[in-house]
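Reading the structure
For reference, the chains in residue letters:
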Amino acid sequence: MSHFFDTPMSVAVRLRPMNSMELECKSSTAVKRTPDGLPHVSVDFHESFAFNYVFDQRDTQKDLFEACVQTRLKRLLQGFDVTILAYGQKGCGKTYTMGTDFNGVMDDKVGLIPRAVHYLFQYISTLKKSYTFRVSCSFVKIYQEELFDLLLPRNNLSSRLAGPGLTELEVSSAQEVTDHLMRGFAKRAVGEKPSESHSILTLTLVARKLGGGGPTSETTTKLNFVDLAASGCWIFGNDADRSKGGLVALGNVLNTLAYGEIAPEYIPYGQSLLTSLLQDSLGGRSIRLLIACVSSSDANVSETMRTLRFADRTLPVMKKPGLRLDQQHEDDVSRLKDIIQQLSGELLRAIQAVAKPDDRQRLEDRAKNLEKKNLKLHQELEQILIDTADADVRGGILAKHIVQSKTHVRRIMTMLGLQRQQEPGPQSVQSEGNQLLQTLVELNRIVSDTTGQLRARDNLYLQTHSQQSWQQFNNGGGDFGLEANAAGPEDHVSTQQQGNDEYYYDSA
Ligand SMILES: Nc1ncnc2c1ncn2[C@@H]1O[C@H](COP(=O)(O)OP(=O)(O)OP(=O)(O)O)[C@@H](O)[C@H]1O
């Protein structure tokens, strides 16, 4: 078992460089990554948003792929559907980022789809000793609430889907997928502009574990790349522009999912074709990454704000900071957790082998209990990491956790070693179980201490920050058009502006 630190829903913001028109108009930069190194975006210096990742003009396609897509692809084999969506105003880089317009040349400008497909086929080829894989591909366009199959081998036109299911083509290499992508993209553009339709490229991966005959030995997961229609000046319900209605529905679904555990029947998947089609890959065991593509220019600030608000509302309220973790740390923690899991299993099997039947149940229960505690500790730690907005502190906690986990692993290994040497009876097994329990209690104590320290630190930060904001507000309150004494400092803690409830709509 391994864990991942990102929440199921993550948001990456990508700031595209100014285009020639913006440069000609001599527009200035209004949207920036904040200089503190955190994944925050500031708009016009007075509005800021916190996301999981922020990429600016200096970041390359490779940076984006490696930071937020690569690790998610491995989750496919752990039974998660992975959905990557690009959202944003017309011309802000959705297609460029996704690589939906791939031209067959694998250069450094190539977007996510070709990179992901190559990575995936390479990755599964390393697992061929343990798994067999079947991969199939479908590619559709949704335009004005109608579905078009882009892989139907007919003429040059995309075919509206009236009858049975989608074309799903079996593929055995990255090249085959990108060939289908290129053919499909050419069809997407027929009839209307690509910016007016959504396109979804789906890879379905069926992994069968070799040597496993049980019902769970085959896993089917989906990887979706969704290049959404451009957001912009539109009104929900306008029949002439119904593809945009899919964006409203998508916003509603992601927003509802952000509230946490909600029964599927309350999630409004049925509001559009887009959300119905993606239903399985948006809820349940899915990992979602929304890439909000925005312009950095002051000429597009109002549309950029709408995009950022859309993205902001898809994130769970409690997990907004959700900062990117250092990859090395994440890998270390994940590896150690796997080792602990494996060793705990071995310990359990060793206990079963030596204990008398009447002791066995009790010891098994105890071992299971330890396992649960261990899992809870990991979950607490992950929560702390997600809730902590300071990269240095997070790094410190992780480093500490790694040392603790290593000690923990060493102790379990020592116990196993002793067990094997001495072939102990139930009593010694019990005392080893107790030692393990002690270790876990100790680990638990350290985690709660750290949580306490972090909470105290966060409270202090919020207090100081709110006092500073209040002072600034009092000094220049007139600019805000508010009475200087209308609210107390506690009302100014957050820099995150709450948009109005109709944020999906453009009333212009
Ligand atoms: N991060 C970036 N770096 C360099 N060029 C970019 C970047 N993002 C976008 N571009 C360029 O900007 C132009 C518009 O990008 P793109 O077509 O991807 O926008 P889009 O959001 O998909 O637009 P539409 O909604 O019309 O489909 C393209 O020429 C693309 O190469």
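Residues numbered from 1 in each chain as written. Predicted model: local features only at pLDDT ≥ 70, side-chain atom pairs only at ≥ 80, totals over all residues. Heavy atoms only, no water.

Per an unreviewed UniProt entry, the chain goes by GL14088 and derives from Drosophila persimilis. The Subcellular location (unreviewed entry) field of the UniProt record for the chain holds the comment "Cytoplasm, Cytoskeleton". (UniProt positions renumbered as here; feature names shortened; annotations may be inferred.)

**A look at the packing of aromatic side chains**
Per the stated rule, a full pass over the model turns up six aromatic pairs. When the ring of Phe 49 is compared with that of Phe 51, the centres are 6.1 Å apart and the planes differ by 10 degrees; the resulting orientation is stacked. When sorted by exposure, Phe 49 lands in the same class as Phe 51, which is buried. Grouped by ring-pair contacts, the aromatic residues Phe 65, Tyr 119 and Tyr 123 constitute a single cluster. Sitting above the plane of the Phe 148 ring, Lys 141 keeps its charged end 5.0 Å from the centroid. Note that Lys 209 overlies the ring of Tyr 131, its terminal NZ or CZ placed 5.2 Å from the centroid. (Phe/Tyr/Trp six-rings, centres within 6.5 Å; stacked < 30°, edge-to-face > 60°. Buried < 20%, exposed > 50% of the residue type's maximum accessible area, 1.4 Å probe, protein only. Lys NZ or Arg CZ within 6 Å of the ring centre and 35° of its normal.)

**Observations regarding the pairing of strand 12 (residues 218-227)**
Direction of pairing for strand 6 (residues 81-88) relative to strand 12: parallel, over a ladder of five bridges. Bridge assignment links Val 82 to a residue of strand 12, and that residue is Leu 223. One ladder, built from 10 bridges, connects strand 11 (residues 198-209) with strand 12; its direction is antiparallel. Paired with Leu 201 across the two strands is Phe 225, which belongs to strand 12. (Pairing = 2+ DSSP bridges. Helix = DSSP H or I, 4+ residues; strand = E, 2+ residues; numbered from the N terminus.)

**As for the packing of helix 2 (residues 61-68) against helix 5 (residues 112-125)**
Interhelical geometry of helix 2 versus helix 5 gives an angle of 50 degrees and a closest axis separation of 10 Å. What the angle tells us is that helix 2 and helix 5 run oblique. Like other packed secondary-structure pairs, helix 2 and helix 5 cross with a definite hand, here right-handed. Packed against helix 2, whose contacting residues are Gln 61, Lys 62, Leu 64 and Phe 65, the element helix 5 presents Leu 112, Arg 115, Ala 116 and Tyr 119 at the interface. (Axes fitted to C-alpha atoms, helices over the stretch in contact; angles between N-to-C directions. Parallel < 35°, antiparallel > 145°, perpendicular 65-115°, else oblique. Left-handed = near helix turned anticlockwise from the far one by under 90°. Contact = heavy atoms within 4.5 Å.)

**Some points on helix 2**
Taken together, the buried positions of helix 2 are occupied by Gln 61, Leu 64, Phe 65, Ala 67 and Cys 68. Looking at the buried side of helix 2, the elements it contacts are strand 1 (9-16), strand 5 (53-55), helix 3 (70-74), helix 4 (94-98), helix 5 and strand 13 (286-295).

**Digging into the site of the ligand**
Around the ligand, the structure places 13 residues, and the nearest of them are Gly 91, Lys 94, Thr 95, Tyr 96 and Ser 195. Contacts to the ligand include Gly 91, whose backbone N or O atom sits 2.9 Å from an oxygen atom. A distance of 2.7 Å separates an oxygen atom of the ligand from a polar atom in the side chain of Lys 94. When the ligand is considered free in solution it has 630 Å² of accessible area, and contact with the protein chains removes 68% of it. Of all the secondary-structure elements, those providing two or more residues to the shell around the ligand are strand 1 and helix 4. Counting residues per element, the shell around the ligand draws most heavily on helix 4, which supplies three residues. When grouped by side-chain class, the residues that make up the shell around the ligand number four nonpolar, five polar and four charged. (Near = heavy atom within 4 Å. Polar contact = N/O pair within 3.5 Å; in protein donor to acceptor, adjacent residues only side chain to side chain. Areas by Shrake-Rupley, 256 points an atom, 1.4 Å probe, with all protein chains shown as cover. Nonpolar A, V, L, I, M, F, W, Y, C, P; charged D, E, K, R; others polar.)

**Considering the UniProt feature "binding site: ATP" (unreviewed entry) in the chain**
According to UniProt, the positions carrying the feature "binding site: ATP" (unreviewed entry) are Gly 88, Gln 89, Lys 90, Gly 91, Cys 92, Gly 93, Lys 94 and Thr 95. With respect to the element layout, Lys 94 can be found in helix 4. The class for Lys 94 is buried, based on a relative accessible area of 6%. Once residues within four sequence positions are removed from consideration, Lys 94 is found in contact with Ala 86, Tyr 87, Gly 88, Gln 89, Asp 227, Leu 228, Ala 229, Ala 230 and Cys 293.

**Quick word on the packing of helix 5 against helix 6 (residues 174-188)**
Two elements in contact, helix 5 and helix 6, have axes whose closest approach is 9 Å; the angle formed by their N-to-C orientations is 155 degrees. The angle between helix 5 and helix 6 falls in the class roughly antiparallel. Note that helix 5 runs across helix 6; the crossing there is right-handed. Seen from helix 5, the contacting residues are Ile 113, Pro 114, Val 117, His 118 and Phe 121; seen from helix 6, they are Ala 174, Val 177, Thr 178 and Leu 181. Split by residue class, the contact of helix 5 with helix 6 holds seven nonpolar, two polar and no charged.

**Section: the environment of Leu 181**
In this fold, Leu 181 is placed in helix 6. Leu 181 has contacts with Gly 99, Thr 100, Phe 102, Ile 113, Pro 114, Phe 139 and Leu 201, leaving out every residue within four places of it along the chain.

**Things to note about the pattern of salt bridges**
Where charged atoms of side chains with opposite charge meet at close range, the side chains can pair. Under the definition given, this model contains eight salt bridges. Measuring nitrogen to oxygen at the nearest pair gives 3.2 Å for the salt bridge that ties Arg 33 to Asp 56. With Arg 33 in strand 2 (residues 31-33) and Asp 56 in the loop between strand 5 and helix 2, this pair connects stretches of sequence that are 23 residues apart. Given the relative accessible area of 27%, Arg 33 is considered partly exposed. A salt bridge links Arg 58 to Asp 56, with the nearest nitrogen and oxygen atoms 2.5 Å apart. Look at Arg 58 and you get exposed, because its relative accessible area is 64%. The class of Asp 56 is buried, set by a relative accessible area of 6%. (Salt bridge = Lys/Arg side-chain N within 4 Å of Asp/Glu carboxyl O.)

**Notes on the environment of Ile 113**
Tracing the sequence through the fold places Ile 113 in helix 5. Judged by relative accessible area, which is 2%, Ile 113 ranks as buried. C-alpha of Ile 113 to C-alpha of Leu 181: the two residues are 68 residues apart in sequence and 8.9 Å apart in space. The contact partners of Ile 113, leaving out residues within four places of it in the chain, are Met 98, Thr 100, Leu 181, Leu 201 and Phe 225.

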